[in-house]
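So the chains spell out like this:
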Amino acid sequence: MIPIAKPILGQQEIEAVVEVLKSGFLAEGKVSREFEKAFAEYVGTEYATVATNGTAALSTALDALEIKPGDEVITTPFTFIASANTIAMMGAVPIFVDIDPSTYNISPERIEGAITEKTRAIMPVHIFGMPAEMKRIMEIAEDHDLFVLEDACQAHGAEIDGKKVGSFAHVSAFSFYATKNMMTGEGGMITTDDEEIYDRCLMIKNHGRGKKGGYSHFRIGYNNRMMDLVSAIGIEQLKRLPGVVKARRQNAAYYDDMFSELKSVVPQEELKNFESSYHVYAPLLHHEEIDRDKMIDLLKKHEVGSRSVYALPCHKQDTYLNIEDWRWAEFVDYPDYSEISLPASEMVGNKHFEIPVHPGVSKEDREHIAHVVYETLS
Ligand SMILES: Cc1ncc(COP(=O)(O)O)c(C=O)c1O
């Protein structure tokens, strides 16, 4: 079976971890500082700070933006549920705005229509590694005096006009979960150019401690720190990232080319001067006889890993359909999510199928994968 995801771990990662183990200092310290410096340089931001995982990075960032109970945060429903849940954890209200069905990313045109006097922030997600329309989103945010938090958890190395995602918004969050383009098993990073937001993140992720550490605490916070043991892997993975993104883009370009004659297969659109990092390659299938689930089964029968991920967009998940059970519901007005219809998200949820695009996919593998799709649908 050609797996849908395959992390690359080599001698470099092993040696880096062993060195930290030998040092006897495993918690967050100087190796993490080194990782943060290298990551900020790569993304092109002034500051970066590690977090336990992408969820912790998002929560810390939302807290640093001082999002309060009852505030509305606009986001996409076509995402991993952590994007929405971190908003709801703050007691804030996720306002789901539909996506553009060709890019699968939040539609800037629709954002404006969703802004109310309670809106405090916009959280675009670069879904599958495809950059959201950040320039337009930043303009809208500026016009309405809103914060923007990029959920770049799937998009390490994606770019718009040569500028890396994670460097457009007031603050951004990355995940290094085991299947990501760069990974540490679990792990996360916050990036920002704003010193005040950065300082707040440092305190929030460390129980409100000041810069000197110790046992004086200045605000409520979490333990969202990340171990040096984990950062050591991150440093080595970051060195691999440009090569990983290049290989993913080459595989994606091959599929795009192979599928260009198939009317029933429509790849995710990359807008002009946008470069996806292709964390996921998942075209839409519009075929009269073969539906997406059948396509996935057929691929698996031919030893190709395949799946769909957000068949249920966030507004269709029980979490939000039963929002009245959430502890903040007593204090905060949530919309009736069951009444919400977001047709583009629901359509993409029902029609996309994922095929392997990672660097472990050999030329023969990708020929085989494209052949199975082609032969099935033509
Ligand atoms: C879009 C998105 N946001 C947030 C997260 C949360 O990251 P983590 O799993 O590291 O907590 C993920 C992770 O899979 C993600 O894909």
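Refer to the structure printed above.
Residue numbers run consecutively from 1 along every chain, following the written order of its sequence. Per-residue local features are limited, in this predicted model, to residues with pLDDT of at least 70; the limit for side-chain atom pairs, both in listing and counting, is 80 or more; totals at the level of whole chains, interfaces and linings are taken over all residues. Heavy atoms from the whole structure form the basis of all side-chain values; hydrogens and water molecules are not counted.

**Q** Let's hear about the site of the ligand: which residues, and what values?
**A** For this description, a residue counts as near a given molecule or strand if any of its non-hydrogen atoms is within 4 Å of it. Within the structure, the ligand sits among 14 residues, and Gly54, Thr55, Asp151, Ser175 and Lys180 are positioned closest to it. The separation between an oxygen atom of the ligand and a polar side-chain atom of Gln154 is 2.9 Å. Polar contacts here mean pairs of N or O atoms no more than 3.5 Å apart (in protein, one a potential hydrogen donor and the other a potential acceptor; neighbouring residues in sequence count only if both atoms are side-chain atoms). Ser175 places a side-chain nitrogen or oxygen 2.7 Å from an oxygen atom of the ligand. Taken by itself the ligand offers 380 Å² of open surface, and the protein chains cover 92% of this. Of all the elements in the fold, those that place two or more residues in the shell around the ligand are α3 (54–64) and α4 (82–89). Comment: elements are numbered from the N terminus, with helices defined as DSSP H or I runs of at least four residues and strands as E runs of at least two. Examining the composition of the shell around the ligand, we find that 3 residues originate from one element, α3, more than from any other. Residue composition of the shell around the ligand, by class: 5 nonpolar, 7 polar and 2 charged. Here the Shrake-Rupley method, with its probe set to 1.4 Å, supplies the accessible areas, and only the displayed protein chains count as covering residues. Each residue receives one of three labels: charged for Asp, Glu, Lys and Arg, nonpolar for Ala, Val, Leu, Ile, Met, Phe, Trp, Tyr, Cys and Pro, and polar for the others, Gly being one of them.

**Q** Lay out the environment of Asp151 with the relevant residues and their values.
**A** Along the polypeptide, Asp151 turns up in strand β5 (residues 147–151). What makes two residues a contact is simply this: any of their non-hydrogen atoms within 4.5 Å. Among residues more than four places away in sequence, those in contact with Asp151 are Leu58, Ser83, Met123, Pro124, Val125, His126 and Ala173. A polar side-chain atom of Asp151 sits 3.0 Å from the main-chain amide nitrogen of Cys153.

**Q** Tell me about helix α8 (residues 228–259), and name the residues and values.
**A** The end-to-end C-alpha separation of α8 is 44 Å, in line with the 46 Å expected for 32 residues at 1.5 Å each. What we call the bend at a residue is the angle made by axes fitted to the seven residues finishing there and the seven residues starting there. Where α8 bends most, the angle comes to about 45 degrees, and this point is Arg240, followed within four residues by the proline Pro242. To estimate how far a helix should reach, multiply one less than its number of residues by 1.5 Å.

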